[in-house]
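An overview of the molecular structure
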Amino acid sequence: MHFFPDTTPEQWQDWRWQRANALTSLEELQQRLALPPGSLAGCQEAQQRYPLLVTPYYLSLAESNDCHDPILRQCLPDPAELQDGPGEPDALSEERSSPVPRLVHRYPDRALFITGNCCAVHCRHCMRKRHWGLAMGCPSQAEIKAAAEYLRRQPGLREVLISGGDPLLLPEAVLAEIIAEFSAVENIQILRFGSRLPVTLPQRLDPDFCRLLASGKTAWLATHFNHARELTPEAARAADNLLRAGIPVVNQTVL
């Protein structure tokens, strides 16, 4: 909380407060971190293309205001982001492998359902940052049902990765509908949630919410812890709540 000394412990543990107070401008970031004037000047163009977004909680994991801090490097806009690599911005050709809206089917036994572009933090290594500026919104009932119907027509499919954006920031009613519709598909055995909330907004993963995630077919959660400093008591509590709900947690360290 060292960058947010005016915050109460109750606010800090409230995931809604964290989202409402997320930083979205370089000016605010510079003020919070007490950076020298002009130190973020090279970030402006990257910020315009790929907007800044970071929760107070995640920003607080930085130990200093050095822009090379491993936490800050994951959330600060960087001019290098403007150097598109081969195939970018859609390097994995997801849009060419989408048989129905929001569903991507590239592998024989699994499919990906993209719930939107809403996240707690805009991670600068994100492979779907092309979506950040779009008005995607929540998946509609029609989109969810169309995806479920496609899954039924593909008996070889056994797993759905529910990703985004971050699917765990959907309204609970929408998330419950996705879980129910996909769980009703006989050939689907596993719902795998792709979420970085255990790292960026662990306060969201309270016991009741974790039980919702476990309310359908066998659920797993895949997350991205990239640095030891992200392993906080809040993150441990979130992982414990998931495990107690029967949801194994796996990690891919992408950096």
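A quick note: this is a predicted structure, and the numbers were derived from the prediction, not measured.

Definitions and limits used
Residues numbered from 1 in each chain as written. Predicted model: local features only at pLDDT ≥ 70, side-chain atom pairs only at ≥ 80, totals over all residues. Heavy atoms only, no water. Salt bridge = Lys/Arg side-chain N within 4 Å of Asp/Glu carboxyl O. Helix = DSSP H or I, 4+ residues; strand = E, 2+ residues; numbered from the N terminus. Buried < 20%, exposed > 50% of the residue type's maximum accessible area, 1.4 Å probe, protein only. Axes fitted to C-alpha atoms, helices over the stretch in contact; angles between N-to-C directions. Parallel < 35°, antiparallel > 145°, perpendicular 65-115°, else oblique. Left-handed = near helix turned anticlockwise from the far one by under 90°. Contact = heavy atoms within 4.5 Å. Nonpolar A, V, L, I, M, F, W, Y, C, P; charged D, E, K, R; others polar. Pairing = 2+ DSSP bridges. Polar contact = N/O pair within 3.5 Å; in protein donor to acceptor, adjacent residues only side chain to side chain. Phe/Tyr/Trp six-rings, centres within 6.5 Å; stacked < 30°, edge-to-face > 60°. Lys NZ or Arg CZ within 6 Å of the ring centre and 35° of its normal.

This model, assessed by the stated rule, comprises 14 salt bridges. We note a salt bridge from Glu 143 to Arg 102, for which the minimum N-O separation is 2.8 Å. Residue Glu 143 is located in helix H7 (residues 141-152), and its partner Arg 102 is located in the loop between helix H6 (72-75) and strand S1 (103-107); the two are separated by 41 residues in the primary sequence. Relative accessible area serves as the criterion here: at 22%, Glu 143 is assigned to the partly exposed category. Here Glu 230 and Arg 196 are joined by a salt bridge, their closest N and O atoms 2.9 Å apart. With Glu 230 in the loop between strand S5 (218-223) and helix H11 (233-244) and Arg 196 in the loop between strand S4 (190-194) and helix H9 (197-200), this residue pair connects regions lying 34 residues apart in the sequence. Each of Asp 109, Arg 110, Glu 159 and Arg 192 takes part in salt bridges that share partners, so that together they form one network.

Contact pair H7 / helix H8 (residues 172-183): the axes reach a minimum separation of 9 Å and the direction vectors enclose 20°. Our classification of the angle between H7 and H8 gives roughly parallel. Remark: the crossing between H7 and H8 carries right-handed chirality. In this structure, H7 contributes Gln 141, Ile 144, Lys 145, Ala 147, Ala 148, Leu 151 and Arg 152 to the contact, and H8 contributes Val 174, Glu 177, Ile 178, Glu 181 and Phe 182. Per-class residue counts for the contact of H7 with H8 are seven nonpolar, one polar and four charged.

Here we come to the sheet that holds strand S6 (residues 249-251). Read across the open sheet, the six strands follow the order S1-S2-S3-S4-S5-S6; overall the sheet is mixed. The open sheet has two free edges, formed respectively by S1 and S6, since each of these has just one partner strand. Across this sheet, the average inter-strand angle for adjacent strands is 25°, counted without regard to direction. Looking at chain direction, strand S3 (residues 159-163) and S4 are connected through four bridges and run parallel. Of the residues in S4, the one forming a bridge with Ile 162 is Phe 193.

This next bit is on unusual backbone geometry. For the bond running from Gly 164 to Gly 165, omega is 15°, close enough to zero to count as cis. Inspection of the secondary structure assignment puts Gly 165 in the loop between S3 and H8. The phi torsion at Ala 34 lies on the positive side, around 55°, for a residue other than glycine. Within the element layout of this structure, Ala 34 appears in the loop between helix H3 (26-33) and helix H4 (44-49). Overall, Ala 34 belongs to the exposed group, its relative accessible area being 56%. Even without a glycine there, the phi angle at Arg 102 is positive, about 75°.

Our focus in this paragraph is the side chain of Thr 223. Relative to the elements of secondary structure, Thr 223 occurs in strand S5. Classification of Thr 223 as buried rests on a relative accessible area of 0%. There is a polar contact of 2.8 Å between the side chain of Thr 223 and the backbone oxygen of Ser 195. Filtering out sequence-adjacent residues up to four positions away, Thr 223 remains in contact with Ser 195, Arg 196, Pro 198, Val 199, Val 249, Val 250, Asn 251 and Gln 252.

Further remarks concern the side chain of Ser 163. With respect to the helices and strands, the residue Ser 163 is situated in strand S3. Side chain to side chain, Ser 163 and Arg 128 meet in a polar contact 3.3 Å long. Not counting chain neighbours up to four residues away, the residues in contact with Ser 163 comprise Leu 112, Phe 113, Ile 114, Thr 115, Arg 128 and Gly 194.

So, about the packing of aromatic side chains. What the rule picks out here adds up to three aromatic pairs. Seen in terms of ring centroids, Phe 4 and Trp 12 are 5.9 Å apart; in terms of plane orientation they differ by 50°. Their pairing is tilted. The exposure classification of Phe 4 matches that of Trp 12, with both residues buried. Aromatic side chains Phe 113 and Phe 182 sit 5.2 Å apart centroid to centroid with 90° between the ring planes, which places their arrangement in the edge-to-face category. With Phe 113 in strand S2 (residues 110-114) and Phe 182 in helix H8, this residue pair connects regions lying 69 residues apart in the sequence. A relative accessible area of 0% means that Phe 182 is categorised as buried. One aromatic cluster is present, built from ring pairs that chain together Phe 4, Trp 12 and Trp 17. Here the guanidinium or amino end of Arg 204 rests over the ring plane of Trp 15, the centre of that ring lying 4.2 Å away.

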